[in-house]
Amino acid sequence: MAIGDGAIRYSVLLPTYNERENVAIITYLLFKALQNVSFEIIVIDNASPDGTQDVVRQLQKVYGDDRILLRPRHAKLGLGTAYIHGLKYASGEFVIIMDADLSHHPKYLRSFMKKQEETGADIVTGSRYIPGGGVHGWDFKRKLTSRGANVLAQTLLWPRVSDLTGSFRLYKKPVLEDLVKVCVSRGYVFQMELIVRASRSNYRIEEVPITFVDRVYGISKLGGSEIVQYLRGLIHLLLTT
């Protein structure tokens, strides 16, 4: 569906916290990658002290506040609740979730859309762990940690997808709305819980290979507390799904 058709087909949710260096670049790349596609960007800023919201307001002047929606929150309240907050404002038939730190390149979105159109999938997820996928910019320790987390989850949960901790996905909007109602996680485990519950509910999930690129600007939000959350979330899903 082209822009001129009126209705928004895709809503891109971009949670941000201290991403002033990245948000303008990811916005430019989205508009470049999705020419002639009807889409909107919903920026969910978590009270960034670095002026991220000011940059977004400048972007609205360039691209239009109908194409870029700023829907801030008063504090940093977790990734899961950021997506839930942004979803309330999404008008698209499909919802795309991705990171604003340039780890997820918008060039892959055409492949997501094509895969969905060809298969009728409820969810299309980017995977680092299928042929053609990969990671760039991580040291060996981080690669080992990520791969180990996925192998552990695969062994315990049997989710039918290769990349549980990825956060680059396309959902049918009603599917995402149904899933968030039953998810209890609110931090980084939210992504894993979404895809596990989707698998248990027999939604059709397709994968597209992507290369994840470590952030160039800013500081990673992943720390020891998120790893503890992951392990707790894994145990919870093992017991409840």
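Our subject is the structure listed above.
We now turn to the structure provided with this report. (Residues numbered from 1 in each chain as written. Predicted model: local features only at pLDDT ≥ 70, side-chain atom pairs only at ≥ 80, totals over all residues. Heavy atoms only, no water.)

All right, on to the sheet that holds strand β2 (residues 39–45) then. Backbone-to-backbone hydrogen bonds pair the strands of a sheet. The strands run either parallel or antiparallel. Reading across the sheet, the seven strands line up as β3-β2-β1-β4-β7-β5-β8 and stay open at both edges, with mixed pairing between neighbours. With one partner strand each, in any of the chains shown, β3 (68–70) and β8 (205–209) form the two edges of the open sheet. Going across the sheet, the axis of each strand differs from the next one's by a mean of 20 degrees, ignoring polarity. The sheet contact formed by strand β5 (residues 123–127) and strand β7 (residues 169–172) spans three bridges and is antiparallel. Directly across from Ile-123, in β7, lies its bridge partner Tyr-171. (Pairing = 2+ DSSP bridges. Helix = DSSP H or I, 4+ residues; strand = E, 2+ residues; numbered from the N terminus. Axes fitted to C-alpha atoms, helices over the stretch in contact; angles between N-to-C directions.)

Turning our attention to the side chain of Arg-169. Note that Arg-169 resides in strand β7. Buried and without a salt bridge, Arg-169 has Asp-163 as its closest oppositely charged side chain, separated by 6.5 Å. Within the structure, Arg-169 has its side chain in polar contact with the side chain of Thr-125 (distance 3.3 Å). Separated by 3.2 Å, the side chain of Arg-169 and the backbone oxygen of Leu-164 make a polar contact. (Buried < 20%, exposed > 50% of the residue type's maximum accessible area, 1.4 Å probe, protein only. Lys, Arg positive; Asp, Glu negative; His and termini not counted. Salt bridge = Lys/Arg side-chain N within 4 Å of Asp/Glu carboxyl O. Polar contact = N/O pair within 3.5 Å; in protein donor to acceptor, adjacent residues only side chain to side chain.)

Here we take up helix α2 (residues 52–63). Each α-helix winds once per 3.6 residues, and so residues spaced three or four apart point in a common direction. Here α2 contains twelve residues, and its C-alpha end-to-end distance of 16 Å stays within 8% of the 16 Å for a straight helix at 1.5 Å per residue. Among the residues making up α2, those that are buried are Thr-52, Gln-53, Val-55, Val-56, Leu-59 and Gln-60. Down the axis of α2, the buried side of the element spans an arc of 150 degrees, and every buried residue falls inside it. The outward face of α2, more than 90 degrees from its buried face, is lined by the exposed residues Lys-61 and Val-62. Contact partners of the buried residues in α2: β1 (10–16), α1 (20–33), β2 and β3. Phi turns positive one or two residues past the end of α2, at Gly-64, with a value near 105 degrees. (Expected span 1.5 Å × (residues − 1). Arc of directions from axis to C-beta. Contact = heavy atoms within 4.5 Å.)

Taken as a whole and assessed by the stated rule, the structure comprises seven salt bridges. The salt bridge involving Lys-181 is made with Asp-178; its shortest N-O contact spans 4.0 Å. Of the two residues, Lys-181 and Asp-178 are both situated in helix α6 (residues 173–182); the distance of three residues between them amounts to about one turn of the helix. For Lys-181, a relative accessible area of 67% puts it in the exposed group. Between Glu-193 and Arg-197 there is a salt bridge; the shortest N-O distance is 2.7 Å. One end of the pair is Glu-193 and the other is Arg-197, both in helix α7 (residues 189–200) and four residues apart, which spans about a single turn. Taking the relative accessible area as the measure of exposure, Glu-193 reaches 0% and is therefore buried. With a relative accessible area of 14%, Arg-197 lands in the buried category.

Our next topic: the pairing of β1. Judged by how many residues are buried, β1 sits mostly within the fold: seven of seven residues are covered. Judged from the seven bridges that link them, β1 and β2 form a sheet pairing that is parallel. When the sheet's bridge partners are listed, Thr-16 is paired in β2 with Asp-45. Crossover β1 to β2 through α1 is right-handed. Inspection of the sheet shows β1 paired to strand β4 (residues 94–97) by four bridges, in the parallel sense. Of the residues in β4, the one forming a bridge with Leu-13 is Ile-97. (Right-handed = clockwise from strand over helix to strand, strands pointing away.)

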